[in-house]
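Listed here are the chains, written in short residue letters.
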Amino acid sequence: MNNPATGILITFEGIDGSGKSTQARDIHNALSLAGLNVRLSREPGATPLGEEIRNILLSDKVPVGNLAELFLFLADRAEHVQDVLRPSRSNGEVLLVDRFIDATTAYQGYGMGHPLSLIENLHKTILQEIEPFRTFLLDIDPLAASERIRNRGEKKNRIEERGLEFFQKVRNGYLEIAKQNPHRFRVLDATLPREELNRAILNDLEPPLLTHAAGRRTGG
Ligand code: TYD
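Here we summarise the structure given alongside this text. Owing to the predicted nature of the structure, the values given are computational and were not obtained by experimental measurement. In this numbering scheme, every chain counts its residues from 1 along its sequence in written order. Predicted model: local features are reported for residues with pLDDT of at least 70 only, side-chain atom pairs are reported and counted for 80 or more only, and whole-chain, interface and lining totals are derived from all residues. Computation of side-chain values covers all heavy atoms of the structure but excludes hydrogens and water.

1. Here's the deal with the site of the ligand
Here is the rule: Neighbouring residues are identified by heavy atoms, a residue being near a molecule or strand if any of them is within 4 Å of it. Between N or O atoms, a polar contact is any pair within 3.5 Å; within protein, one atom must be a potential hydrogen donor and the other a potential acceptor, and residues adjacent in sequence are included only when both atoms are from side chains. Accessible surface is estimated by sampling points in the Shrake-Rupley manner with a 1.4 Å probe; for residues, cover comes only from the protein chains shown. A run of H or I in DSSP counts as a helix once it spans at least four residues, and a run of E counts as a strand once it spans at least two, with each numbered from the N terminus. When residue character is reported, Ala, Val, Leu, Ile, Met, Phe, Trp, Tyr, Cys and Pro are called nonpolar, Asp, Glu, Lys and Arg charged, and the others, Gly included, polar.
What surrounds the ligand is a group of 16 residues, the closest being Asp16, Lys20, Arg99, Thr104 and Gln108. Asp16 places a side-chain nitrogen or oxygen 2.8 Å from an oxygen atom of the ligand. At 3.3 Å, a side-chain N or O of Arg77 approaches an oxygen atom of the ligand. Contact with the protein chains removes 90% of the 540 Å² of surface that the ligand exposes when unbound. Sorting the residues of the shell around the ligand by element identifies helix H1 (20-33), helix H2 (48-58), helix H3 (66-90) and helix H4 (101-111) as the ones contributing at least two each. In terms of residues, the shell around the ligand owes the most to one element, H4, which gives four residues. Classifying every residue of the shell around the ligand by side-chain character gives six nonpolar, four polar and six charged.

Structure, rendered in structure tokens:
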């Protein structure tokens, strides 16, 4: 749970085109303006090794098999946890992460069909004491999400190319994970206006972040 002496980890999840990166940035700005010791990170690609892995995973540079894909996302995470999450926790920061463990469970587990138990066990080794306090799931119909991506005019990455049936599995996977972890998850309707989503997230975070800040002032 949330120990004020240590950091607090908040994650943002959702299928491609759900707008979760925009929300993560907005919340980072709002919390920075409020004077909190807050940092924004993301997966994959937050470390030097992660950047290389991200390039391999998202481009068509080299073919990547399904099992290798799973392990590459996990290698990126192991490095991220070691280089960013552990130090951030020790520094007592509020750390916002754009995609984390649930992305692998949803995309590689529910989406690609890798055993959920394998993913869970590998996560135990990678995470140890690290645990998200809150996860915001930006939920959206895959067709609407795909239209958003098209309207942005960006080229789809290797994973975004997978089509509606895949993203339906990923979405249902995310909703299932949320159902199994009701204390950690907040499921939000990603089609709501950006400001309304900002408000919902900030309202939800206010009480735990006040406790966290008070704990830091009194030294825990
Ligand atoms: P990215 O451009 O970062 O997408 P977004 O900005 O929407 O997060 O690309 C990351 C892609 O990698 C995205 O399609 C989701 C996928 N992904 C997985 O399949 N498994 C994972 O564990 C993670 C972290 C991401």
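After that view, the rundown keeps rolling.
2. Structural notes on the sheet that holds strand S1 (residues 8-13)
Worth spelling out the cut-off: If DSSP finds at least two bridges between two strands, the strands pair. Think of each axis as a best-fit line through the C-alpha atoms, taken over the contacting stretch in the case of a helix, with angles from 0 to 180 degrees between the N-to-C directions. Residues are treated as being in contact if the distance between any of their heavy atoms lies within 4.5 Å.
Here five strands make up an open sheet; going across it, the order is S2-S3-S1-S4-S5 and the pairing parallel. Each of the sheet's edge strands pairs with one partner strand only, and the pair in question is strand S2 (38-42) and strand S5 (185-189). Strand-to-strand, the axes of this sheet are offset by a mean angle of 20°, without reference to chain direction. As paired elements, S1 and strand S4 (residues 134-139) share four bridges and run parallel to each other. Bridge pairing in S4 links Thr11 to Thr135. Strands S1, S4 and S5 of the sheet are contacted by helix H7 (residues 164-180), whose axis makes an angle of about 145° with S4.

Geometry only, nothing functional implied.
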